[in-house]
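Spelled out from the first residue to the last, the chains are:
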Amino acid sequence: MEDQTQQEQASPAVQKRVRDSFDRQGLMAHLGARLAHVGPGRVHIVLPARPEVTQQHGYVHAGATSAIADSAGGYAALTLFDEASEVLTVEYKINLLAPAAGDRLEAIGTVLRSGRTLTVCQLEVYGVQGDSEQKLVANGQQTLIRVNRPAE
């Protein structure tokens, strides 16, 4: 996980579109997740570790871990499309590498290849303790499809 201050930021218009969409997601709000970085083809989502998102052993639940990974990849893809486009997940595979422990989880979605129809993203989730200790707890890959934004 690299220092966010060194990462390129998406344009203000793209950041607004991604943040507005993220704010409409009931699940992310329910989990207490927030956007931490929006860059071209790369999005970070942070999930504070709280009792409400843990499983019976006190680790962050795999469902919450997977949900933030899926959203990070989806929003990373969205940063590369025009405002008339949306993305939907076609499939994703995630490997849970270690118990999801720490003060918070940080999911990073990175576009590997963006196409006219399908986009493939790398997904990484880190358990973060304090300001310096981080451990890769999950990684995966995702395929998304670009669709036209529904009429409002």
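Shown above is the structure to which this text applies.
What this report covers is the structure whose coordinates are included nearby.

So, how was this worked out
- Residues numbered from 1 in each chain as written.
- Predicted model: local features only at pLDDT ≥ 70, side-chain atom pairs only at ≥ 80, totals over all residues.
- Heavy atoms only, no water.
- Helix = DSSP H or I, 4+ residues; strand = E, 2+ residues; numbered from the N terminus.
- Expected span 1.5 Å × (residues − 1).
- Buried < 20%, exposed > 50% of the residue type's maximum accessible area, 1.4 Å probe, protein only.
- Arc of directions from axis to C-beta.
- Salt bridge = Lys/Arg side-chain N within 4 Å of Asp/Glu carboxyl O.
- Pairing = 2+ DSSP bridges.
- Axes fitted to C-alpha atoms, helices over the stretch in contact; angles between N-to-C directions.
- Contact = heavy atoms within 4.5 Å.
- Core = buried A, V, L, I, M, F, W, Y, C linked by side-chain atoms within 4.5 Å.

1. Details of helix H1 (residues 12–23)
Look at H1: 16 Å from first C-alpha to last across 12 residues, which is about the 16 Å you get at 1.5 Å a residue. For H1, every residue scored as buried is listed here: Val14, Gln15, Arg17, Val18, Ser21 and Phe22. Taken around the axis of H1, the buried residues stretch over an arc of 165°, which confines them to a single face. Exposed side of H1, more than 90 degrees from the buried face: Pro12, Ala13, Lys16 and Asp23 are the residues found there.

2. Focus on the environment of Ile94
In this structure, Ile94 sits in strand S3 (residues 85–96). Assessed through its relative accessible area of 19%, Ile94 is described here as buried. Considered as a pair, Ile94 and Ser66 are 28 residues apart in the sequence and their alpha carbons are 7.1 Å apart.

3. Quick word on the pattern of salt bridges
The tally for this structure, following the rule as stated, stands at 3 salt bridges. Where Glu86 meets Arg149, a salt bridge forms, and the shortest distance between an N and an O atom there is 3.0 Å. Within this pair, whereas Glu86 is found in strand S3, its partner Arg149 is found in the segment after strand S6 (133–148), the two being separated by 63 residues in sequence. Judged by relative accessible area, which is 31%, Arg149 ranks as partly exposed.

4. Remarks on the sheet that holds S3
Strand order in the open sheet formed by 6 strands is S1-S2-S4-S5-S6-S3, with antiparallel pairing between adjacent strands. The open sheet is flanked by strand S1 (34–39) and S3, the only strands paired with a single partner. Averaged over neighbouring strand pairs, the angle between their axes works out to 25° when direction is ignored. Where strand S5 (residues 118–129) meets S6, 12 bridges bridge the pair, whose relative direction is antiparallel. Paired with Val120 across the two strands is Thr143, which belongs to S6. Those strands touched by H1 are S1, strand S2 (42–48) and S3, and its axis lies near 155° from that of S1.

5. Some details on the nonpolar core
Ile45, Leu47, Ile68, Leu105 and Val125 are the most contacted members of the largest nonpolar core, which totals 37 residues. With 9 residues, the single largest contributor to this core is helix H3 (residues 62–78). Discounting chain neighbours no more than four positions away, the residues touching Ile68 are Met28, Ala33, Ile45, Leu47, Leu105, Ala107 and Val125.

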